[in-house]
Amino acid sequence: MTDQTSTPGDDGRTPDAPTSDGRAPAARTPAGGTASGRSPGGIDPRGPRVGAAITAVLLAVTLLLGTGGAALALLAVIAALFLVGTVRGAQGSVQGRVFRALVQPRLAPPTELEDPRPPRFAQGVGLVITGAGVLLGAAGVVAAIPTAAALALVAAFLNAVFGLCLGCEMYLLGLRLRSRSAG
Amino acid sequence: MPMRIELLLAVLVLAGALGWWWSWRNGRFTAVSERVAAVAHETDDAPAPPASTVSPRLTPQELGVEPGTRATFVQLSSEVCAPCRRTAVVLSALASDHPGVVHVELDVEQNLELVRRFHVLRTPTVLVLGPDATVRGRMSGAVSHHHAIASLESLGQCPGGARAH
């Protein structure tokens, strides 16, 4: 009674061509090598944005906790997360690992890859803001805790929701200031 | 606690407004009148450079290539900039599709003189040059194909721009 519709002959075939052409190849792909030999180690650009969303939620909780010890402790945890991201890049941060473990397997492959340096720069900006908040808060300036949390929340929110690359906006201003003071 | 929730909402509303304004502004073509360019030079807080260096015209030496006969897109990029890559892809495709249109990508770090001269504050900033290689306008932020086409069209409408005779 075995209906022999499936023949076990071709094992090596990958089921990548369904009958309904759900993904027909584009009529004209961009000319080969549009990446023009840029840095080879590109990362999925959705990773830093998901990471920023996680960070934004933590910062919102910090803001709700006010100026007490709990708020200071949570801000210190966030600063430590930014430190990891600054040292290892956004893809190596704790949020980046969460993205790869939980989110990325459920998404389609990325259509483009992103240079890992801009998100890493943004992690450094986050570290400076939250780190200053932790240091000032520990020194008794408790208003610095919600202030730093609010500033970092704006940056993380803009990154998560709008894809704003803070590094791109700030890099040139920093460069102009440095070159002006140098010469 | 209710005060804190209001504070949180205020921060999120502010961030949302900022983000909306930012994404609306990205890639939009802004025409520069010569009068504005002259005034901008006078109000610069830096010491005024000799008149010859504030010319709105870019020389082939500065560009590294011959300017286009119709338009030249001078893209100022930094290495720490993801939208610069997307913009470069859009503009180089536009240049190869339209005769007379040239795309040049320059690194801000090596071109700080240009950055100051044209008061460039963010990357990517694209200076749009007319057929005579003078700056007619600019776009900053990620430039879409739609934005780039719109800038080419408004270039054609500029006084002294490329016009059919």
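Structure: see above.
Residues numbered from 1 in each chain as written. Chains lettered and ligands numbered in written order. Predicted model: local features only at pLDDT ≥ 70, side-chain atom pairs only at ≥ 80, totals over all residues. Heavy atoms only, no water.

(A) Region of the structure containing the overall build of chain A. Tallying secondary structure elements over chain A gives 6 helices and 0 strands in all. Listed N to C, the secondary structure of chain A is α-α-α-α-α-α in terms of helices and strands. Across the 183 residues in chain A, those meeting the buried criterion constitute 37%. In chain A, the share of contacts with a sequence separation of at least 24, taken over all contacts with a separation of at least 6, comes to 74%. For chain A, the exposed area adds up to about 10800 Å²; of that, 64% sits on carbon and sulfur atoms. (Helix = DSSP H or I, 4+ residues; strand = E, 2+ residues; numbered from the N terminus. Buried < 20%, exposed > 50% of the residue type's maximum accessible area, 1.4 Å probe, protein only. Contact = heavy atoms within 4.5 Å. Areas by Shrake-Rupley, 256 points an atom, 1.4 Å probe, with all protein chains shown as cover.)

(B) Spotlight on unusual backbone geometry. Residue and element names in this part refer to chain B. Residue P124 is reached from T123 by a cis peptide bond, and omega for that bond is -5 degrees. Take P124: it is sitting in the loop between α5 (112–117) and β4 (125–129). The phi dihedral of H119 is positive, around 55 degrees, even though this residue is not glycine. Residue placement: H119 occurs in the loop between α5 and β4. When its relative accessible area of 28% is taken as the criterion, H119 is described as partly exposed.

(C) Representation of a nonpolar patch on the surface in the model. Residues and elements named next belong to chain B. A contiguous nonpolar patch, built from L14, L18, W20, W21 and W24 and spanning about 590 Å² of accessible area, is present on the exposed surface. Assignment of secondary structure puts W24 in helix α1 (residues 2–25). With a relative accessible area of 44%, W24 lands in the partly exposed category. (Patch = residues over 30% accessible without salt bridge, like charges linked within 9 Å, V, L, I, M, F, W, Y side chains within 5 Å. Salt bridge = Lys/Arg side-chain N within 4 Å of Asp/Glu carboxyl O.)

(D) Looking closely at the interface of chain A and chain B. Facing the 33 residues of chain A at the interface are 37 residues of chain B. Both faces considered, chain A and chain B share a buried interface measuring about 3200 Å² in area, 65% of it formed by carbon and sulfur atoms. Counting across the chain A and chain B interface gives 1 salt bridge. The salt bridge involving E169 of chain A is made with R122 of chain B; its shortest N-O contact spans 2.7 Å. The interface formed by chain A and chain B contains 6 residue pairs in polar contact (both at pLDDT 80 or more). Per element, the largest residue contribution to the side of chain A that touches chain B is 10 residues, and it comes from helix α6 (residues 166–182) of chain A. In terms of residue class, the side of chain A that touches chain B is built from 19 nonpolar, 5 polar and 9 charged. (Buried area = accessible area lost by both parts, 1.4 Å probe. Polar contact = N/O pair within 3.5 Å; in protein donor to acceptor, adjacent residues only side chain to side chain. Nonpolar A, V, L, I, M, F, W, Y, C, P; charged D, E, K, R; others polar.)

(E) Structural context of the packing of helix α1 (residues 46–65) of chain A against helix α3 (residues 94–103) of chain A. Residues and elements named next belong to chain A. α3 packs onto α1 with a crossing angle of 110 degrees between their chain directions and a minimal axis gap of 8 Å. Relative to α3, the element α1 lies roughly perpendicular. The interaxial crossing formed by α1 with α3 has right-handed handedness. Together, R46, G47, V50, G51, I54 and T55 of α1 and Q95, V98, F99 and V103 of α3 make up the contact between the two elements. Along the lines of polarity and charge, the residues of the contact of α1 with α3 split into 5 nonpolar, 4 polar and 1 charged. (Axes fitted to C-alpha atoms, helices over the stretch in contact; angles between N-to-C directions. Parallel < 35°, antiparallel > 145°, perpendicular 65-115°, else oblique. Left-handed = near helix turned anticlockwise from the far one by under 90°.)

(F) Broad picture of the nonpolar core. Counting 26 residues, the largest nonpolar core has L59, L63, L75 and L153 of chain A together with V11 of chain B as its most contacted members. Counting only elements with at least two residues in this core, the list comes to α1, α2 (69–88) and α5 (144–162) of chain A together with α1 of chain B. Considering every element that reaches this core, the biggest residue donor is α5 of chain A, with 10 residues. (Core = buried A, V, L, I, M, F, W, Y, C linked by side-chain atoms within 4.5 Å.)

(G) Geometry of the pairing of β4 of chain B. Residue and element names in this part refer to chain B. For β4, the tally of buried residues reaches 5 of 5 residues, placing the bulk of the element in the interior. Neither face of β4 is left uncovered, since the one carrying T125, L127 and L129 and the one carrying V126 and V128 both have all their residues buried. Between β4 and strand β5 (residues 135–140), which pair antiparallel one after the other, the connecting turn spans 5 residues, and A133 there sits at a positive phi close to 65 degrees. (Pairing = 2+ DSSP bridges.)

(H) Structural context of the pattern of salt bridges. All names here are of chain B. A full pass over the atoms with the stated rule returns 5 salt bridges over all chains. E113 is the salt-bridge partner of R117, the closest N and O atoms lying 3.6 Å from each other. With R117 and E113 both in helix α5, this residue pair falls 4 residues apart, about one helical turn. One network of salt bridges, in which partners are shared, links E62, E113 and R117.

(I) Molecular detail of empty space enclosed by the protein. Residues and elements named next belong to chain A. Under the definition given, this model contains 2 cavities of 30 Å³ or more. Estimates place the volume of the largest cavity at around 210 Å³. Taken together, 18 residues line the largest cavity, and the ones lying closest to its centre are F82, A122, A155, A156 and N159. Counting only elements with at least two residues in the lining of the largest cavity, the list comes to α1, α4 (117–138) and α5. (1 Å grid on protein atoms, 1.4 Å probe; cavity = no way out; pocket = protein on both sides within 12 Å on 5 of 7 lines; lining within 4 Å. Points joined across faces, edges and corners; volume = space filled by probe spheres on them.)

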